[in-house]
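Now for the letters of each chain:
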Number of protein chains: 2
Amino acid sequence: MSVNKPLIFVTNDDGYSAKGIRSLVESLIGLGEIVVVAPDGPRSGMSSAITSIQPIRYHLVKKDEKNDITVYACTGTPVDCVKLGISEIVGRKPDLLVSGINHGSNASVCVLYSGTMGAAMEGALFKVPSIGFSLLDHALDADFAHTYPITRALSEDVLRTGLPAGVCLNVNIPHSDDELKGLKVCRQASGQWIEEFKRSEDGANKPIFWLTGRFDNDEPNDETTDEWALANGYASIVPITVDMTAHMFVEKMKSWEKLIYVSSES
Amino acid sequence: MSVNKPLIFVTNDDGYSAKGIRSLVESLIGLGEIVVVAPDGPRSGMSSAITSIQPIRYHLVKKDEKNDITVYACTGTPVDCVKLGISEIVGRKPDLLVSGINHGSNASVCVLYSGTMGAAMEGALFKVPSIGFSLLDHALDADFAHTYPITRALSEDVLRTGLPAGVCLNVNIPHSDDELKGLKVCRQASGQWIEEFKRSEDGANKPIFWLTGRFDNDEPNDETTDEWALANGYASIVPITVDMTAHMFVEKMKSWEKLIYVSSES
């Protein structure tokens, strides 16, 4: 309750009761006042989706006075949790936003689909230093013990030093079965998901499709990428920008300005 | 049905029956075989969300043999439409993907929340030259007449020249009430939405929250931004990259590699 305590805002996309977010919160105890505003159930793959044609609700789940942790559940997406949480629930700018720990990788282009990272990017838009954490293990009861020193040390460091404007961190941590060699600061690997829709039928014998697939890495041997780091025993840290401009092409594409001839009376 | 005809894939986030997508399709007639795979209803603000814990369905809406237009409606998100559409419905790589025309702006950071742009980015991940179009008019019956020369000329040009790998275009077009001065190739303006949640009550008198807000532009006078172009009568073209790495910070953040001391027996 001290006014000088940093405010740490925690969210995720697996829901407030997931083991990943509980592990993250546990690793942060003592670093500040911890407020969790997380979805009331799974919201994987929600990217930066927002809810505008439906209302959003939230409720208090629990208050742990001893450890200064308050947990709220929200009916919206991860980004809704950040927007509603900062604007309406805590009512002031947090000193740090952490999202996760996601059950499953958000490396490479998964950053585009990830609700965990959508929330971290939203934190960056609020000008709050923000980190998304993910573990390369989808299991509900995944082992998060080895993530503690990473989530705590990085959170503590970012709380102290901040992050550049408009930049958040995408941190992926190898599976607990793999020997952890250290941290690597990297770039997002280039690649894409190759969709393999699983076709089945509904109760009325109509065709339905389930999204499945495998990741196809364009550059598996490039040591500067997050996928390489993870495949070689390192936790990866990728600085992510909310500026999606392909800056190197702005000047080169200027010729398109001549494409449409508009009568210029101005 | 000619095998040499280019395949043009069309989608959006307002649904297959929206005026914006019908206007876009009309402007493209004759440029190739047109296949529309679009959501069966509104999916605004869906970003790059994907549907994985629910099945997806689609159905044929209509076939216009004369103009070589086939329209499918899909239960999923805009990105689902692209994934299912390319992988299962058309079964081959389109020569061009166009998304929109969105009813409402997707300039600046709206690109992060936009389903229209989520679909265009997904096209870029499929290595298909892709363009997202948006009109600065939310009205269901918005006037799209002035968008025709822009959507047709840009589509024709991109069909001919392609786009750099991993880059798609975010094209925003002023309201029909404003005099169109031409096209401007720009960068994404820096800014954020200031949330102003509208609080009301549900039928059981419990509080509910509706997302509203206003856009706060960090740099309203910068002529290199999309927001400036639109405010000054130009349609804006921003090249958008699916590589979200903040490249300029990768080297600077290398010190974090020393943050965690891992026993190095390797």
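Residues numbered from 1 in each chain as written. Chains lettered and ligands numbered in written order. Predicted model: local features only at pLDDT ≥ 70, side-chain atom pairs only at ≥ 80, totals over all residues. Heavy atoms only, no water.

- The name given to chain A in an unreviewed UniProt entry is 5'-nucleotidase SurE, with Dysgonomonas macrotermitis as the source organism.

### Observations concerning the UniProt feature "domain: Survival protein SurE-like phosphatase/nucleotidase" (unreviewed entry) in chain A
(1) Moving on: The residues that UniProt annotates with the feature "domain: Survival protein SurE-like phosphatase/nucleotidase" (unreviewed entry) are residues 8-193 of chain A.
(2) Moving on: As a span, residues 8-193 of chain A carries 28% helix and 28% strand, and end to end its C-alpha atoms are 34 Å apart. (UniProt positions renumbered as here; feature names shortened; annotations may be inferred. Helix = DSSP H or I, 4+ residues; strand = E, 2+ residues; numbered from the N terminus.)

### Section: the interface of chain A and chain B
Where interface size is given, it is often the accessible area lost as the parts come together that is meant.
(1) Moving on: Counting from both sides, the interface comprises 86 residues of chain A and, opposite them, 85 residues of chain B.
(2) Moving on: With both chains or domains summed, chain A and chain B bury close to 7500 Å², and 66% of this area falls on carbon and sulfur atoms.
(3) Moving on: For the interface between chain A and chain B, the tally reads four salt bridges.
(4) Moving on: Where R57 of chain A meets D202 of chain B, a salt bridge forms, and the shortest distance between an N and an O atom there is 2.5 Å.
(5) Moving on: In this structure, the connection of chain A to chain B is made through 33 residue pairs in polar contact (both at pLDDT 80 or more).
(6) Moving on: Among the residues making up the side of chain A that touches chain B, the classes are represented as 50 nonpolar, 17 polar and 19 charged. (Contact = heavy atoms within 4.5 Å. Buried area = accessible area lost by both parts, 1.4 Å probe. Salt bridge = Lys/Arg side-chain N within 4 Å of Asp/Glu carboxyl O. Polar contact = N/O pair within 3.5 Å; in protein donor to acceptor, adjacent residues only side chain to side chain. Nonpolar A, V, L, I, M, F, W, Y, C, P; charged D, E, K, R; others polar.)

### Observations concerning helix α2 (residues 78-90) of chain B
Residue and element names in this part refer to chain B.
(1) Moving on: The end-to-end C-alpha distance of α2 is 16 Å, clearly below the 18 Å that 13 residues give at a rise of 1.5 Å each.
(2) Moving on: For α2, the principal kink sits at L84 and spans about 40°.
(3) Moving on: Taken across its 13 residues, α2 has 10 buried, putting it largely inside the fold.
(4) Moving on: Among the residues of α2, those classed as buried are P78, V79, D80, C81, V82, K83, L84, G85, I86 and I89. (Expected span 1.5 Å × (residues − 1). Bend = angle between axes of the 7 residues up to and from the residue. Buried < 20%, exposed > 50% of the residue type's maximum accessible area, 1.4 Å probe, protein only.)

### Some words on the nonpolar core
(1) Moving on: Core analysis: the biggest nonpolar cluster contains 77 residues, and L112 and M121 of chain A together with L112 and M121 of chain B have the highest contact counts within it.
(2) Moving on: Those residues within four positions of M121 of chain B in sequence are excluded, and the remaining contacts are L112 and M244 of chain A together with V111, C168, I240 and V242 of chain B. (Core = buried A, V, L, I, M, F, W, Y, C linked by side-chain atoms within 4.5 Å.)

### Some points on the side chain of T245 of chain B
(1) Moving on: Within the secondary structure layout, T245 of chain B lies in the loop between β13 (234-241) and α7 (247-250).
(2) Moving on: Look at T245 of chain B and you get buried, because its relative accessible area is 4%.
(3) Moving on: A distance of 2.9 Å separates a polar side-chain atom of T245 of chain B from the backbone nitrogen of Q188 of chain A.
(4) Moving on: Those residues in contact with T245 of chain B, other than ones at most four positions away along the chain, are C186, R187, Q188, V238, P239, I240 and T241 of chain A together with V250 of chain B.

### Comments concerning helix α4 (residues 115-125) of chain A
Residues and elements named next belong to chain A.
(1) Moving on: When you tally the buried positions in α4, you get 11 out of 11 residues, the bulk of the element.
(2) Moving on: Within α4 the residues assigned to the buried category are G115, T116, M117, G118, A119, A120, M121, E122, G123, A124 and L125.
(3) Moving on: Between a side-chain oxygen at the N-terminus of α4 and the backbone nitrogen of T116 the separation is 3.2 Å; the capping residue is S114.
(4) Moving on: A positive phi of about 65° marks K127, the residue just after α4.

### Considerations on the pattern of salt bridges
(1) Moving on: Enumeration over the complete set of coordinates arrives at 22 salt bridges over all chains.
(2) Moving on: Close ionic contact of R214 of chain B with E196 of chain B constitutes a salt bridge, the shortest N to O distance being 3.3 Å. Highlighted residues: R214 of chain B in strand β12 (residues 213-217) and E196 of chain B in the loop between β9 (191-195) and β10 (198-201), separated in sequence by 18 residues.
(3) Moving on: Judged by relative accessible area, R214 of chain B falls into the partly exposed class, the value being 44%.
(4) Moving on: Residue classification places E196 of chain B among the partly exposed residues on the basis of a relative accessible area of 38%.
(5) Moving on: Among the charged side chains, a network of salt bridges with common partners joins R187, E219 and D222 of chain A.

### Side note on the sheet that holds strand β2 (residues 33-39) of chain B
All names here are of chain B.
(1) Moving on: In spatial order, the strands read β3-β4-β2-β1-β5-β6-β7-β13-β8; together these nine strands make up an open sheet with mixed pairing. Of all strands in the sheet, those bounded by a partner on one side alone are β3 (58-64) and β8 (182-185). Strand-to-strand, the axes of this sheet are offset by a mean angle of 20°, without reference to chain direction.
(2) Moving on: Note: β3 against strand β4 (residues 69-74), six bridges, orientation antiparallel. Following the sheet pairing, H59 is matched in β4 by A73.
(3) Moving on: Sheet strands in contact with helix α1 (residues 19-28) are β1 (7-11), β2, β4, β5 (96-103) and β6 (130-135), and its direction is about 140° off that of β5.
(4) Moving on: This element, α2, spans β1, β2, β3, β4 and β5 of the sheet and lies at about 145° to β1. (Pairing = 2+ DSSP bridges. Axes fitted to C-alpha atoms, helices over the stretch in contact; angles between N-to-C directions.)

### Considerations on the sheet that holds strand β13 (residues 234-241) of chain A
Residues and elements named next belong to chain A.
(1) Moving on: Within the open sheet, the nine strands sit side by side as β3-β4-β2-β1-β5-β6-β7-β13-β8. Their pairing is mixed. For this open sheet the edge positions go to β3 (58-64) and β8 (182-185), each flanked by a neighbour on one side alone. Each adjacent strand pair in this sheet contributes to an overall mean axis angle of 20°, direction not counted.
(2) Moving on: As paired elements, strand β7 (residues 167-173) and β13 share six bridges and run antiparallel to each other. In the strand pairing of β13, V171 is matched with I237.
(3) Moving on: Across the sheet, helix α1 (residues 19-28) touches β1 (7-11), β2 (33-39), β4 (69-74), β5 (96-103) and β6 (130-135), and the angle it forms with β5 is around 140°.
(4) Moving on: Strand contacts of α4: β1, β5, β6, β7 and β13, with the helix running at about 170° to β6, the strand carrying the most contacts.

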